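Read off the chains here:
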Amino acid sequence: MMSEHKFKLKKFIFTSVSIIIVCVITLHSEAHRTIPLHIYSTLTSDTVKPIRHDSLPAHTTNDTIPSGIDTLPATQKIDTFSLKMAKDTLEGPVNYEAQDSAVILVKNKTILLYGKTKTNYKDIKLTAPQVELNQETNILTAINSKDSLGDVLTRARFEQGANQFESDTIQFNFKTQKGLTKNTFTQQSEMFVQGEAIKKVNANTVFIKRARMTTCDYDVPHFAFVANKVKMINNKVAITGPVHPEFEGVPIPIYLPFGYFPLSQGRHSGFLPPQFTVNQDFGLGLEGLGYYKVLSDNFDATIRGNIYSYGGWNMNFTPSYRVRYKYNGTLNLSIQHTKFNFKGDPDYNLVKTFFVSWSHTVDQRARPGTSFSANVNAGSTKYNQYIPNNPVRNFQNQLSSSIAYSKTWVGKPYNLTLSANHNQNNYSHLINIILPDAGFTVSTVYPFQRKESVGTPKWYEKLGIGYNGTFRNEVSFYDTAQVKLNRIFDTLQWGVQHRIPISLSLPPVGPFLIAPSISYQEQWLGSKFRHTWDQNSKKLDTTIQKGIYTDRQLAFGVGVNTALYGTYQFKHSRIIAIRHVIRPTFSLNYKPDLSKAHYYSTQVDSFGNRQSFSEFQGSLFSGFPGGRFGGVSFGLDNNLEMKLRSKKDTGANAIKKVRLIDGFGFNGSYNFIADSFKLQPFNFYLRSTLFEKINLTAAANVDPYETNSQGFNVDRYMWEGNRFSLGRLTSGSISLSTDFKSKPKDPSKEPANNTPGSNLPQVNDPLLMADQQRLLDYMRRNPAEFVDFNIPWSVSLSYSLYFSKHFTSNYNGFQTEVNSNLTFNGSFSLTPKWNFSTNGYYDFKTFKLQTFTMSISREMHCWQMSIGVTPIGQYRYFNITINPRSSILQDLRVNRTRYFYNY
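These numbers come from a predicted model, not from an experiment. (Residues numbered from 1 in each chain as written. Predicted model: local features only at pLDDT ≥ 70, side-chain atom pairs only at ≥ 80, totals over all residues. Heavy atoms only, no water.)

## Notes on the overall build of the protein chain
Okay, step 1: If you tally the helices and strands in the protein chain, you get 5 helices and 51 strands.
Okay, step 2: Across the 903 residues in the protein chain, those meeting the buried criterion constitute 35%.
Okay, step 3: Residue pairs at least 24 apart in sequence account for 51% of intrachain contacts in the protein chain once pairs closer than 6 positions are excluded.
Okay, step 4: Roughly 53,700 Å² of accessible area belongs to the protein chain as shown, and the carbon and sulfur atoms make up 58% of that amount. (Helix = DSSP H or I, 4+ residues; strand = E, 2+ residues; numbered from the N terminus. Buried < 20%, exposed > 50% of the residue type's maximum accessible area, 1.4 Å probe, protein only. Contact = heavy atoms within 4.5 Å. Areas by Shrake-Rupley, 256 points an atom, 1.4 Å probe, with all protein chains shown as cover.)

## A look at the nonpolar core
Note on soluble globular proteins: their nonpolar side chains tend to be buried together.
Okay, step 1: Counting residues in each nonpolar core, the largest one holds 22 residues, and the members touching the most others are Leu113, Leu126, Val131, Leu140, Ala142, Phe158 and Ile170.
Okay, step 2: For this core, the secondary structure elements donating two or more residues are β2 (94–97), β3 (101–105), β4 (110–121), β5 (124–134), β6 (139–143), β9 (156–160) and β10 (163–173).
Okay, step 3: The greatest single-element share of this core, amounting to 5 residues, is contributed by β5.
Okay, step 4: Excluding anything up to four places from it in sequence, Phe158 contacts Ile124, Lys125, Leu126, Asn163, Gln164, Phe165, Ile170, Phe172 and Lys200. (Core = buried A, V, L, I, M, F, W, Y, C linked by side-chain atoms within 4.5 Å.)

## Let's talk about the side chain of Glu615
Okay, step 1: Take Glu615: it is sitting in the loop between β37 (610–614) and β38 (629–645).
Okay, step 2: There is a polar contact of 2.7 Å between the side chain of Glu615 and the side chain of Arg530.
Okay, step 3: Glu615 has contacts with Lys528, Phe529, Arg530, Ala597, His598 and Tyr600, leaving out every residue within four places of it along the chain. (Polar contact = N/O pair within 3.5 Å; in protein donor to acceptor, adjacent residues only side chain to side chain.)

## Some thoughts on the pattern of salt bridges
Pairing between side chains becomes possible if they bear opposite charge and their charged atoms approach one another.
Okay, step 1: A full pass over the atoms with the stated rule returns 18 salt bridges.
Okay, step 2: A salt bridge links Arg210 to Glu196; the shortest N-O distance between them is 2.9 Å. Highlighted residues: Arg210 in strand β13 (residues 205–214) and Glu196 in strand β12 (residues 191–200), separated in sequence by 14 residues.
Okay, step 3: For Arg210, a relative accessible area of 40% corresponds to the partly exposed category.
Okay, step 4: According to the relative accessible area criterion, Glu196 is partly exposed, its value standing at 41%.
Okay, step 5: A salt bridge links Arg450 to Glu461, with the shortest nitrogen-to-oxygen separation between them at 3.0 Å. A residue pair is termed long-range when its members are at least 10 positions apart, and Arg450 in the loop between β29 (430–445) and β30 (463–478) and Glu461 in the loop between β29 and β30 qualify at 11 residues.
Okay, step 6: Ionic contacts of the salt-bridge type, sharing partners, join the residues Arg157, Glu159 and Glu166 into one network. (Salt bridge = Lys/Arg side-chain N within 4 Å of Asp/Glu carboxyl O.)

## Overview of unusual backbone geometry
Okay, step 1: Cis rather than trans, the peptide bond between Leu435 and Pro436 has omega equal to -5°.
Okay, step 2: Assignment of secondary structure puts Pro436 in strand β29.
Okay, step 3: In this structure, Gln177 is a non-glycine residue whose phi angle is positive, near 65°.
Okay, step 4: Relative to the helices and strands, Gln177 resides in the loop between β10 and β11 (178–188).
Okay, step 5: Note on Gln177: relative accessible area 24%, which makes it partly exposed.
Okay, step 6: A positive phi angle, close to 55°, is found at His572, a residue other than glycine.
Okay, step 7: Mapped onto the elements of the fold, His572 is located in the loop between β34 (564–569) and β35 (575–591).

## Regarding the packing of aromatic side chains
Okay, step 1: Considering all chains together, one arrives at 27 aromatic pairs under this definition.
Okay, step 2: Relative to Phe247, the ring of Phe223 has its centre 6.3 Å away and its plane inclined at 25°; by these criteria the two rings are stacked. In this pair, Phe223 sits in strand β14 (residues 223–233) while Phe247 sits in strand β16 (residues 243–247), placing the two residues 24 residues apart along the sequence.
Okay, step 3: On the basis of relative accessible area, Phe247 is assigned to the partly exposed category, the value being 35%.
Okay, step 4: The structure contains a cluster of three or more aromatic residues connected by ring pairs, namely Tyr121, Phe158, Phe165, Phe172 and Phe174. (Phe/Tyr/Trp six-rings, centres within 6.5 Å; stacked < 30°, edge-to-face > 60°.)

## Observations regarding the environment of Tyr325
Okay, step 1: Position of Tyr325 relative to the elements: it lies in the loop between β23 (313–323) and β24 (327–340).
Okay, step 2: Through-space distance from the C-alpha of Tyr325 to that of Gln364 is 8.2 Å; in sequence the pair is 39 residues apart.
Okay, step 3: Ignoring sequence-local partners within four residues, the contact set of Tyr325 consists of Asp363, Arg365 and Ala366.

## Let's talk about a nonpolar patch on the surface
Okay, step 1: Among the surface-exposed residues, Phe276, Leu284, Leu286, Ile303, Ile307, Trp313, Met315, Phe317, Leu333, Ile335 and Phe354 lie close enough to one another that they form a single nonpolar patch of about 920 Å² accessible area.
Okay, step 2: Those elements giving two or more residues to the nonpolar patch turn out to be β21 (283–294), β22 (299–308), β23 and β24.
Okay, step 3: Per-element tally for the nonpolar patch: the top contributor is β23, with 3 residues.
Okay, step 4: Taking the relative accessible area as the measure of exposure, Leu333 reaches 35% and is therefore partly exposed. (Patch = residues over 30% accessible without salt bridge, like charges linked within 9 Å, V, L, I, M, F, W, Y side chains within 5 Å.)

## Structural notes on the pairing of β23
Okay, step 1: Where β22 lies against β23, 9 bridges are found, and the strand directions are antiparallel. Each bridged residue has a counterpart across the sheet, and for Ile303 the counterpart in β23 is Phe317.
Okay, step 2: In this structure, the hairpin formed by β23 and β24 is closed by a connection of 3 residues, where Tyr325 is found at a positive phi of approximately 65°. (Pairing = 2+ DSSP bridges.)

## A word on the pairing of β29
Okay, step 1: As defined by bridge partners, strand β28 (residues 414–425) adjoins β29 across 11 bridges and the pair is classed as antiparallel. Counterpart to Asn421 in the pairing with β29 is Ile434.
Okay, step 2: With antiparallel pairing between neighbouring strands as the criterion, β28 and β29 make up a hairpin whose turn holds 4 residues, including His429 at a positive phi of roughly 65°.
Okay, step 3: In the sheet, β29 pairs with β30 via 12 bridges, with the strands oriented antiparallel. When the sheet's bridge partners are listed, Ile434 is paired in β30 with Glu474.

## Observations concerning the state of the cysteines
Okay, step 1: On inspection of all chains with the given rule, the structure shows 0 disulfides.
Okay, step 2: With no disulfide of its own, Cys216 lies closest to Cys862 among cysteine sulfurs, the gap being 3.7 Å.
Okay, step 3: Judged by relative accessible area, Cys216 falls into the buried class, the value being 1%.
Okay, step 4: Of the residues examined, Cys862 reaches a relative accessible area of 5% and is grouped as buried. (Disulfide = S-S within 2.5 Å.)

## Notes on the confidence of the model for the protein chain
Okay, step 1: Mean pLDDT over the protein chain works out to 80, with 83% of the residues at or above the 70 mark.
Okay, step 2: This stretch, residues 1–76, has a pLDDT under 50; its non-local contacts, to residues over four places away or in other chains, come to 68 contacts. (pLDDT = per-residue confidence, 0-100.)

## What about the environment of Ile582?
Okay, step 1: Checked against the element boundaries, Ile582 lands in strand β35.
Okay, step 2: Between the alpha carbons of Ile582 and Thr562 there is a distance of 8.5 Å; along the sequence they are 20 residues apart.
Okay, step 3: In this structure, Ile582 is in contact with Thr562, Ala563, Leu564, Leu636, Asp637 and Asn638, ignoring residues within four places of it in sequence.

Right under this line is the structure:
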């Protein structure tokens, strides 16, 4: 019996010492410990159970291991200590810490943590002012802290993967991974959710009692959707029972039987809500009603439609496809069935139009050396005219399409391009179809170059020759005329063009680069045009002759170019230096007159003036210039830069390079062997960025010869006689553009630029590009809804002027055409919450404001109100919109729109 009592005493002493050590360590200030709960259970098991007799038989009085016999070798000693795992063992340790204190209640198997506690278990992180952990039930209870007035100071915060929420009280079972919270706040994507009670049933699903859902981030939100029952699946969807909105805590008696809130960030099928509009010509309408369907990982489709009370409608079907690392594309089919007024009305009209667009690209990694692309935009010439609330499309008169296939032979200098092209003018209703358009190119090859180059290459090894061939076929027709196949073939034009360049790159001769060249070109054409003067009708008649005709051109030349640098240093000035770079070019050229047989002269007016024409003027390829050329071509380009010392910065940032003139120069030529008009017109150009703010581009064509009373050139220079003049301006253009904006209120929020859509994330998924493009179009049409209140004001101006002197349509004289316009837009914050924006287009030729739009926006934190007005122009409209600023509720808008047309 003495041995039995000794064994029990040893076991009691060992257990007691272990408990004391654990308690002392745990109660240490700034406690930060890790205790596996299954070990804690084993260590304390004897302290909570009554003492019982040993399980060994009563007659056993000796130890199981004889004290005088050692069964192990003398040189080896092994200590063994085994722990029995409890049934309530967790899958990992629970790590906890508390800033104030930690208390272990051994008898109750409970751990109490006080003061900024942190508890971690696997992927679960919990912080709270106070935590109670029950080891027997594996339930953790976290409680908030309050001040003396009962206001909450700090809430308990729970994180597990995508689950993050703050609550007044949190109860969580580590074993079952289920939990219950009270007065909880959580966020899913842009949606903030407040629930009176939330039950977590697994890692992704929660049930909410008396929930408020909003995109307002205030503790007391400006608006919310209230529902008694909600089921929420993380980053997927939230589904509610009967739901109603409330504003500023006031419930709105508008109930829906259920609510469906998509929370996923990727693609998902669903209905697309419409907006209500009023149109002067179409009647009441619903616009944008549709459905988006995800068919698979590679395919999806969107169908949208507009319907109006006068019976008009339109439909858009947009399927998209993608095979990763191979190809992707989007197709859009649009049908318009536009009705103006009701049947029986004198102004009733029905217009049927269509439009097709298709974009397709191939990943270069799919088939190296081969590419296929498509960019198709074609349809009825009146389609853009009847698109509501889109002035950009309404005034878009030029459309073009291209479908192209290209192949480059790897390791060889060959390239083949096959394409089908289309262009149309919606104003003149002329449609041109180019099919096929083929090109074959041989890159420059060096036939005399050695396969294995040793030492300095010989001059003749740099002799290169290439080839460029093009075949083109074109038909034209007007969509307003009755289209018949035989009439289309009457407009058929075809042509072939060959070009063989021969070049030689010689070593530099000091600062000069010399480059001789030879070029041969040939064209095969299918028609000739002949103009004759009709004395009776006093106009030019044109006849077309079909056949196979050729035209050729051969040119020889040698060019010389160099660069001159000059720098002027300043002393005792912020300007450190100005550098001037001059790049002169000079070439000798000779071209025989191989096209002489294809030029003729005919009378062009009743005064007997004659003009020279090419028989191929009006063909698919217009032939080559007539006459011999043996002379010089020359040019001069200038660049001016300045180094400036900053007043504020020092060190490496103190010196700044400023471009004064990006490019300024002229070019011309002189033909020594011409009978008359030897000096060709001069071309001047200028490019500059003034003060790093104003972009300036200018060009002009100067004719050095005088003219007679009818405007035709005479062989006499403008500077002859007692006057000095460089010549007559026959054409020119100038464009100026600039933008100014204030500093942002918050520099960290300053966008890269202030263009619509500049803040949108980059989309690389082709299946989402169509949706982003649709959003960009909407942003351009409704800029008031996307005002950047962080920029107090901004102004952008663009001015362009173009003029030219050319023949009249019947060649009986000259006319000067001048076009000038100003585009402007601006945004001004009247107050921190009110913004006024405007943009317009003024035509100086007609002295009319062609388009003008102004809008007023009001920021209401989580909501925004915008009023837009277009009071002038052919397409006028008015709209007022109130909508949430969050993207997930972008279709929840109160909209009132009216259109007015002036055809």
